[in-house]
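Observations on chain architecture
What follows is the residue order along each chain.
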Amino acid sequence: MTKAEVITKISDKTGIQKDDVTQTIEAFFKVVKDSMSEGENIYVRGFGSFINKKRAKKIARNISKNTAIVIDEHYVPAFKPSKVFIDKIKNSKKVKELAPQE
């Protein structure tokens, strides 16, 4: 599902104009990006957490030149779903239908 499809679905469910939904969604994404770039994590009860994960310093190889390069310690954004969210997906019949059969 694309962002445009999400906006359309929210507009249809709430009756709010698509332009207003678009502005709200864009504002939400901006708040998430700005807050996380300032080192703040975002916790949405019943949905999940947007967190900054710390990656340790490591040595990697540039295989084309066969040299070692150092990758400094850095942070990457991550999403950790809540238990409620995880349980909803686990118990979804649609997701089970899409899963490969063993």
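This is a predicted model, so every value here is computed, not measured. (Residues numbered from 1 in each chain as written. Predicted model: local features only at pLDDT ≥ 70, side-chain atom pairs only at ≥ 80, totals over all residues. Heavy atoms only, no water.)

**Side note on the overall build of the protein chain**
For the protein chain, the count of helices and strands is four helices and five strands. Here the C-alpha atoms of the protein chain give a radius of gyration of 20 Å, more than 25% beyond the 13 Å that 2.2 N^0.38 yields for 102 residues. Counting only C-alpha atoms and orienting by the principal axes, one finds that the protein chain spans roughly 55 × 45 × 30 Å. Taking all 102 residues of the protein chain together, the buried fraction comes to 15%. For the protein chain, contacts bridging at least 24 residues in sequence account for 29% of all contacts bridging at least 6. (Helix = DSSP H or I, 4+ residues; strand = E, 2+ residues; numbered from the N terminus. Rg over C-alpha atoms; globule rule 2.2 N^0.38 Å. Buried < 20%, exposed > 50% of the residue type's maximum accessible area, 1.4 Å probe, protein only. Contact = heavy atoms within 4.5 Å.)

**Considerations on helix 1 (residues 3-14)**
Between its terminal C-alpha atoms helix 1 stretches 16 Å, which fits the 16 Å expected from twelve residues at 1.5 Å a residue. Note on helix 1: the residue one or two positions beyond its end, Gly15, has a positive phi of about 80 degrees. (Expected span 1.5 Å × (residues − 1).)

**Quick word on the side chain of Ser35**
Along the chain, Ser35 falls in helix 2 (residues 18-37). Taking the relative accessible area as the measure of exposure, Ser35 reaches 15% and is therefore buried. Polar contacts involving the side chain of Ser35 include one to the main-chain carbonyl oxygen of Val31, which spans 2.8 Å. (Polar contact = N/O pair within 3.5 Å; in protein donor to acceptor, adjacent residues only side chain to side chain.)

**A word on the sheet that holds strand 1 (residues 42-44)**
Strand order in the open sheet made by the three strands is 1-2-5, with antiparallel pairing throughout. Looking along the sheet, the strands with just one partner apiece sit at the ends: strand 1 and strand 5 (74-81). Taking each pair of neighbouring strands and ignoring which way they run, the sheet shows an average axis angle of 30 degrees. Of the strand pairs in this sheet, strand 1 and strand 2 (residues 48-55) are connected by three bridges, and their pairing is antiparallel. In the strand pairing of strand 2, Ile42 is matched with Phe50. Across the sheet, helix 2 touches strand 1, strand 2 and strand 5, and the angle it forms with strand 2 is around 35 degrees. (Pairing = 2+ DSSP bridges. Axes fitted to C-alpha atoms, helices over the stretch in contact; angles between N-to-C directions.)

**Some thoughts on the pattern of salt bridges**
Applying the stated rule across the entire model yields four salt bridges. Residues Lys30 and Asp34 are paired through a salt bridge, measuring 2.7 Å at the closest nitrogen-oxygen approach. Here the residue Lys30 and the residue Asp34 both occupy positions in helix 2, the gap between them amounting to four residues, near one helical turn. For Asp34, a relative accessible area of 34% translates into the label partly exposed. Between Asp87 and Lys83 there is a salt bridge; the shortest N-O distance is 3.2 Å. (Salt bridge = Lys/Arg side-chain N within 4 Å of Asp/Glu carboxyl O.)

**Focus on unusual backbone geometry**
Although it is not a glycine, Asn66 adopts a positive phi angle of roughly 55 degrees. Within the secondary structure, Asn66 sits in the loop between strand 3 (58-62) and strand 4 (67-71).

**Some remarks on the packing of helix 1 against helix 2**
Running from N to C, helix 1 and helix 2 point in directions that differ by 125 degrees, and their axes come no closer than 9 Å. By the criterion of interaxial angle, the relationship of helix 1 to helix 2 is oblique. For the crossing formed where helix 1 meets helix 2, the hand is right-handed. The residues of helix 2 that touch helix 1, namely those facing Lys3, Ile7, Thr8, Ile10 and Ser11, are Lys18, Val21, Thr22, Ile25, Glu26 and Phe29. (Parallel < 35°, antiparallel > 145°, perpendicular 65-115°, else oblique. Left-handed = near helix turned anticlockwise from the far one by under 90°.)

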